[in-house]
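# Residue-level structural notes
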Amino acid sequence: MSADPLQDVLDAMRALPGLRGCAVVDAETGMAWKTAGAEDIQVLCEAASDYWRLHLRSGGHYAPQLGPLAAQVLVHAKGRITVVGCAGTLLLVCVSHEPDRVDWARWKVLV
């Protein structure tokens, strides 16, 4: 274990089969605090925070019937983006392969 527990957890998530990478991103600024994975992961995760901000602008329409947003899963032709709200304005953004091969039960333990 390193002196940075957050980086350790992101690295453990990245090690899961099927996961290309992940990051903790500030939803307000769109900037990644920490990343793990391929070189392009930081850019992908920062851009994915726009999906969350879109929900913040229009989520009031869903909340009365569905409750508050817990996560977003966006399925693209070659990959998936999973966005989970964390403390304050922080997001956990994960990029995985499509078709899905991630053991999400194991992933939830790391979250």
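Before any of the text, the structure's been laid out above.
Quantities reported herein were computed from a predicted structural model and do not represent experimental measurements. (Residues numbered from 1 in each chain as written. Predicted model: local features only at pLDDT ≥ 70, side-chain atom pairs only at ≥ 80, totals over all residues. Heavy atoms only, no water.)

## A short note on unusual backbone geometry
Here the amide bond leading from Glu-98 into Pro-99 is cis, since omega sits at 5 degrees, within 30 degrees of zero. Summarising the element assignment, Pro-99 is placed in the loop between β5 (90-97) and α4 (104-110). (Helix = DSSP H or I, 4+ residues; strand = E, 2+ residues; numbered from the N terminus.)

## So, the pattern of salt bridges
According to the stated counting rule, one finds four salt bridges in the structure shown. Of the charged contacts in the structure, one is a salt bridge between Arg-20 and Asp-40, with a shortest N-O distance of 2.9 Å. Here Asp-40 lies in the loop between β2 (32-37) and α2 (41-58) and Arg-20 lies in strand β1 (residues 19-26), a separation of 20 residues in the sequence. Here Arg-20 falls in the partly exposed class, since its relative accessible area comes to 25%. (Salt bridge = Lys/Arg side-chain N within 4 Å of Asp/Glu carboxyl O. Buried < 20%, exposed > 50% of the residue type's maximum accessible area, 1.4 Å probe, protein only.)

## Description of the sheet that holds strand β3 (residues 71-75)
Strand order in the open sheet made by the five strands is β2-β1-β5-β4-β3, with antiparallel pairing throughout. The open sheet has two edge strands, β2 and β3, and neither has a second partner. Pairs of neighbouring strands in the sheet enclose a mean axial angle of 10 degrees, with direction left out of account. As paired strands, β1 and β2 are joined by five bridges and run antiparallel to one another. For Gly-21, the partnering residue across the bridge sits in β2 and is Gly-37. The sheet contacts of α2 involve β1, β2, β3, β4 (79-85) and β5, and relative to β1 the element is tilted by about 55 degrees. (Pairing = 2+ DSSP bridges. Axes fitted to C-alpha atoms, helices over the stretch in contact; angles between N-to-C directions. Contact = heavy atoms within 4.5 Å.)

## Regarding the pairing of β4
Counting buried residues along β4, six of its seven residues qualify, which places the element largely inside the surrounding structure. Relative to β4, β3 is paired through five bridges, and the arrangement is antiparallel. Each residue of the ladder has a partner; that of Val-73, found in β4, is Thr-82. Adjacent in sequence and paired antiparallel, β3 and β4 are bridged by three residues. Both β4 and β5 contribute to a ladder of seven bridges, which runs antiparallel.

These results come straight from atomic positions and should not be treated as a statement about function.
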